[in-house]
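Each chain, letter by letter, is given below.
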Amino acid sequence: MVDYHAANNQSSTGGVQTYMEQENDWDRDLLLDPAWEKQQRKTFTAWCNSHLRKAGTQIDNIEEDFRDGLKLMLLLEVISGERLPKPERGKMRVHKINNVNKALDFIASKGVKLVSIGAEEIVDGNAKMTLGMIWTIILRFAIQDISVEETSAKEGLLLWCQRKTAPYKNVNVQNFHISWKDGLAFNALIHRHRPDLIDYDSLRKDDPVTNLNNAFEVAEKHLDIPKMLDAEDIVGTLRPDEKAIMTYVSCFYHAFSGAQKAETAANRICKVLAVNQENEQMMEDYEKLASDLLEWIRRTIPWLENRTQEKTVNDMQAKQEDFRDYRCVHKPPKVQEKCQLEISFNTLQTKLRLSSRPAFMPSEGRMVSDINGAWHTLEGAEKGYEEWILSEIRRLERLEHLAEKFHQKAAIHESWTDGKEAMLTQKDYETSTLSEVKALLKKHEAFESDLAAHQDRVEQIAAIAQELNELDYYDSASVNTRCQKICDQWDVLGALTQSRKESLERTEKQLESIDELYLEYAKRAAPFNNWMEGAMEDLQDMFIVHNIEEIQGLITAHEQFKSTLPEANKEREAIQAIQAEVQKIAQSNGIKLSGANPYTTITPESIDNKWEKAMQMVPQRDSALQEELNKQNSNDTLRAKFATQANAVGAYIQAKMEEIGRISIEMNGTLEDQLTSLKDYQDTIISYQPEINTLEGDHQLIQEALIFDNQYTSYTMEHLRVGWEQLLTTIARTINEVENQILTRDAKGISQEQLFEYRASFNHFDKTLQEGGRGTRRDHSGALQAEEFKACLISLGYDVENDKQGDTEFARIMSIVDPNGSGAVTFQAFIDYMSRETTDTDTADQVIASFKILAADKNFITADELRRELPPDQAEYCIARMAPYTGPDAAPGALDYMSFSTALYGESDL
């Protein structure tokens, strides 16, 4: 069936007549559905009478009683509150048509376009046209002005019904026909606003007649809503008439409009309190995270400042491993916590600014600057601790080398001095012949030469012991004891040597015969023997080097030593030739030698044995030096490998830092696009983490190889770690800035185009040319100086020219955007000011007005009223924080909502 109901789906054209046009496109030739017509007659008649009775009249038959136009004009005067032209009292058809036309003209003057409805049809009693006209009046004066959450008319009324009946079981309002057939929706509307009138839980969905009658009777008796339909009219049709139901429901809406205002006020308060509760939670989270981080730094710094020395290299390397574990395992989560703390602080401050709350001031010692200061101290302690560990390893390595060298030289010296005191205290010269005495004297001279040759070794032993003491060697006591024993013994040997020499010289005059050859042999053999011992000692000497140049220096020195061996061998052969000459003379002259050379204990065999042993040590020394050369070559390869990767990572970090700086100024697209792009960029940077881990592995290999310098790169691992952490923090801060801009835009209702305009203006004046000592340069600092900001405001149309009025206005604006007087305006402060200029925000006065509605215009409010109008958690929040009301009109339990509202926007402990 086609009738005026079909016009509901046509598109609107705007203005107050938009919805009216689609509801008044009547088909003059078709009839209403009989059931719908019956429902409309009842509903419209009851609706008209609900207004006409205010004028002391009513209608009985809707198409008959409006034919003369008199009651129609009266109805319009009652519902509009305006006076219509004076009606014509004649009984002729023309008089009736004129009266109806006056009514229709008045309806048209209210912006309603009447389609296919003329005065003649009304005068002729056309039921369809009359019902259509009444529906048009109902739409214009009862439904059109309904507004719920930016929707109006039919949609607004439907949304209002859905909001009010949402908590009720078995109620699902989707339209104005089927959704109302079981009667539960009508009962739910009444119960929502007047729970004392309806026992909703006693109603059954399968008993629609009872439900409908209950709702209609209660509405008529207690809400002054006339009964417009019978329950049977609704239940008896497959689809109740939509216009009849809308007319009936609109009466409920207007009856409860006062409660709607209270709900709107409650919603505003809930919104303000929710923002305050969320901000308080963020403050508590910040305080806890800051306390935990500062406590961790406080516990960690003493550990990093501990300089307890260890005794061995292995012990210090264990400390180095603990420090590496701290760097790789324990510190990275704290770096993330520090970054998250800064982001949370910035987000909180942005939310507080957007909601016109005072800025958050953390507890003393927990400011972001305090945390950054503590973090800087921590990093300084880290650097000092690492440098101390490396220096201690070098010191202990040096000490171990010196200690081994000391004990080696001491053992050689003690072996040489063994028996020397007994030899020097002998009295053998008292019973010796002259030749034997002469021999003893010469032997003693050779011993003195040998003693003098060993003086250098004793001095070396004393010097090594002194260096071990200066380097704080842990076993210095035993070293000093052994060194003192050697020095004391050396002094005794010197005194005994001098005493024996004097004794021999006293008897030398009685001794004449001397074997020149033995003496020459002894004089040449002793230095040569000492040289061989020194050479053997050098060939066995321990060495420690740190680079290729040092090992090559040792190899060069060793090659120089080998070049002296031919000359040394000639000396050995010459010494052996002396001994051969002695044997030759003895044999030639028939002399029977008594045995060993009386002037020396050094035999040709011992010289040959030592020579052979020294020659065996030469290739061993070659092998040891070559092995160390290979080790240093390997270390150099590690240096080059680390340097290549470090140079690449350093360049990457520098490039990304510069690119982030450029992106933060030249970002295009919507803020969401920028945020997505930045997060993708962040993912790209994070994906570079394996390169950092690889570099950490190379650095560990270098430290394990005890490599302390690297000529191939200027980067250190510490430098790169700091750069990497700064890169991650910078991209996170840039993302947070865009998120705060999104938050500002959404909270303040700023359009994307406005943000682009603000960003373009800000960037343009941030690029202003500056005059410096080296000529003109680009500022591009991310903040506007005062003159730049003034130029930006002028470009946006603000009257801040250089005159008295302009300077005063500019000073006022600067006090808002730069309250600390730093002389610079950040982009966030710029956005906050521009959004404050172009948008509206909640104020303390608005919140007070909302509370006043809930309090029924009283100057105080009670706990029961708060619990009835607000959600439980926010009601208790208000009750706990509101001070008692002390005005002259105070009642028991009265609470002061005015001071509470003012505190929300000022200095407060809330």
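Being a predicted model, the structure only gives us computed values, none of them experimental.

Parameters and conventions
Residues numbered from 1 in each chain as written. Predicted model: local features only at pLDDT ≥ 70, side-chain atom pairs only at ≥ 80, totals over all residues. Heavy atoms only, no water. Helix = DSSP H or I, 4+ residues; strand = E, 2+ residues; numbered from the N terminus. Expected span 1.5 Å × (residues − 1). Contact = heavy atoms within 4.5 Å. pLDDT = per-residue confidence, 0-100. Buried < 20%, exposed > 50% of the residue type's maximum accessible area, 1.4 Å probe, protein only. Arc of directions from axis to C-beta. Axes fitted to C-alpha atoms, helices over the stretch in contact; angles between N-to-C directions. Parallel < 35°, antiparallel > 145°, perpendicular 65-115°, else oblique. Left-handed = near helix turned anticlockwise from the far one by under 90°. 1 Å grid on protein atoms, 1.4 Å probe; cavity = no way out; pocket = protein on both sides within 12 Å on 5 of 7 lines; lining within 4 Å. Points joined across faces, edges and corners; volume = space filled by probe spheres on them. Nonpolar A, V, L, I, M, F, W, Y, C, P; charged D, E, K, R; others polar. Disulfide = S-S within 2.5 Å. Phe/Tyr/Trp six-rings, centres within 6.5 Å; stacked < 30°, edge-to-face > 60°. Lys NZ or Arg CZ within 6 Å of the ring centre and 35° of its normal. Salt bridge = Lys/Arg side-chain N within 4 Å of Asp/Glu carboxyl O. Polar contact = N/O pair within 3.5 Å; in protein donor to acceptor, adjacent residues only side chain to side chain. Core = buried A, V, L, I, M, F, W, Y, C linked by side-chain atoms within 4.5 Å.

Its 17 residues place the ends of helix 5 (residues 93-109) 24 Å apart at the C-alpha level, agreeing with the 24 Å of an ideal helix rising 1.5 Å per residue. For helix 5, the elements touching its buried residues are helix 4 (70-80), helix 6 (119-123) and helix 7 (127-143). After helix 5 finishes, the residue G111 shows a positive phi value of roughly 85°.

So, about the confidence of the model for the protein chain. Across the protein chain, the average pLDDT comes to 81, with 89% of residues at or above 70. With pLDDT under 50 throughout, residues 768-778 is counted as low confidence; its partners more than four residues away or in other chains account for 13 contacts.

With that settled, the discussion passes to helix 30 (residues 844-854). Buried within helix 30 we find A844, V847, I848, S850, F851 and L854. An end-on view of helix 30 places all buried positions within 160° of arc, on one side of the element. A856, located one to two residues past helix 30, shows a positive phi value of around 55°.

Close contact between helix 7 and helix 12 (residues 242-255) brings their axes to 11 Å; oriented N to C, the two are set at 25°. Taken together, helix 7 and helix 12 sit at an angle that is classed as roughly parallel. The handedness of the crossing between helix 7 and helix 12 is left-handed. Two secondary-structure elements touch here, helix 7 through W135, I138, A142 and I143 and helix 12 through K243, M246, T247, S250 and H254.

In this structure, the second largest pocket occupies an estimated 650 Å³ of space. If you go around the second largest pocket, you meet 31 residues; those closest to its centre are W416, K420, D450, N529 and T601. Those elements that place two or more of their residues in the lining of the second largest pocket are helix 15 (368-417), helix 16 (420-424), helix 17 (434-470), helix 19 (516-539) and helix 22 (604-666). Of the residues forming the lining of the second largest pocket, the biggest block, 8 residues, is contributed by helix 17. Class assignment for the residues of the lining of the second largest pocket results in 10 nonpolar, 11 polar and 10 charged.

Glancing now at the state of the cysteines. Inspection of every chain in the model, using the stated rule, returns 0 disulfides. With no disulfide of its own, C487 lies closest to C483 among cysteine sulfurs, the gap being 4.1 Å.

Scanning the model with the defined rule gives 30 aromatic pairs in all. Considering the side-chain rings of Y652 and Y688, the 3.7 Å spacing of their centres and the 15° angle between planes classify their relative orientation as stacked. With Y652 in helix 22 and Y688 in the loop between helix 23 (671-686) and helix 24 (689-704), this pair connects stretches of sequence that are 36 residues apart. Here Y652 matches Y688 in class, with each residue buried. One aromatic cluster in this structure is built from W296, W303, F323, Y326, W375, Y385 and W388. The ring centre of W416 lies 4.8 Å from the NZ or CZ of K420, which sits over that ring. Above the ring of F810, the side-chain terminus of K790 is found at 4.9 Å from the ring centroid.

Before going further, it helps to examine the packing of helix 2 (residues 34-52) against helix 4. Close contact between helix 2 and helix 4 brings their axes to 9 Å; oriented N to C, the two are set at 70°. Comparing the axis directions of helix 2 and helix 4 gives the class roughly perpendicular. For helix 2 against helix 4, the interelement crossing comes out left-handed. Across the interface between the two elements, W47, C48, H51 and L52 from helix 2 touch K71, L74, L75, V78 and I79 from helix 4. Residue classes in the contact of helix 2 with helix 4 are distributed as 7 nonpolar, 1 polar and 1 charged.

One pass over the full model with this rule turns up 54 salt bridges. One salt bridge connects R53 with D224, and the closest N-O pair in it is separated by 3.1 Å. Taken as a pair, R53 in the loop between helix 2 and helix 3 (62-65) and D224 in the loop between helix 10 (208-222) and helix 11 (231-235) lie far apart in primary sequence, 171 residues in all. By relative accessible area, which is 44% here, R53 ends up partly exposed. A salt bridge links R867 to E876; its shortest N-O distance comes to 2.8 Å. Salt bridges linked by common partners bring R327, K331, E382, E386, E696, E718, R721 and E725 together as one network.

Glancing now at the environment of I735. Structurally, I735 can be placed in helix 25 (residues 717-748). Linking I735 and L678, residues 57 residues apart in sequence, is a C-alpha distance of 6.3 Å. When neighbours within four sequence positions are excluded, I735 is seen to be in contact with L675, L678, K679 and Q682.

Bringing the side chain of T165 into the picture now. Along the polypeptide, T165 turns up in helix 8 (residues 153-165). Relative accessible area serves as the criterion here: at 1%, T165 is assigned to the buried category. A distance of 2.7 Å separates the side chain of T165 from the backbone oxygen of C161, its partner in a polar contact.

Attention now goes to the nonpolar core. If you look at the biggest cluster of nonpolar residues, it comprises 77 residues, and the most contacted ones within it are W47, W180 and F186. The greatest single-element share of this core, amounting to 10 residues, is contributed by helix 7. Excluding residues that lie within four positions of it along the chain, F186 makes contacts with W180, L212, A215, F216, I245, Y248, V249 and F252. V649, I653, I692 and M814 belong to the second-largest nonpolar core, a separate cluster that totals 46 residues.

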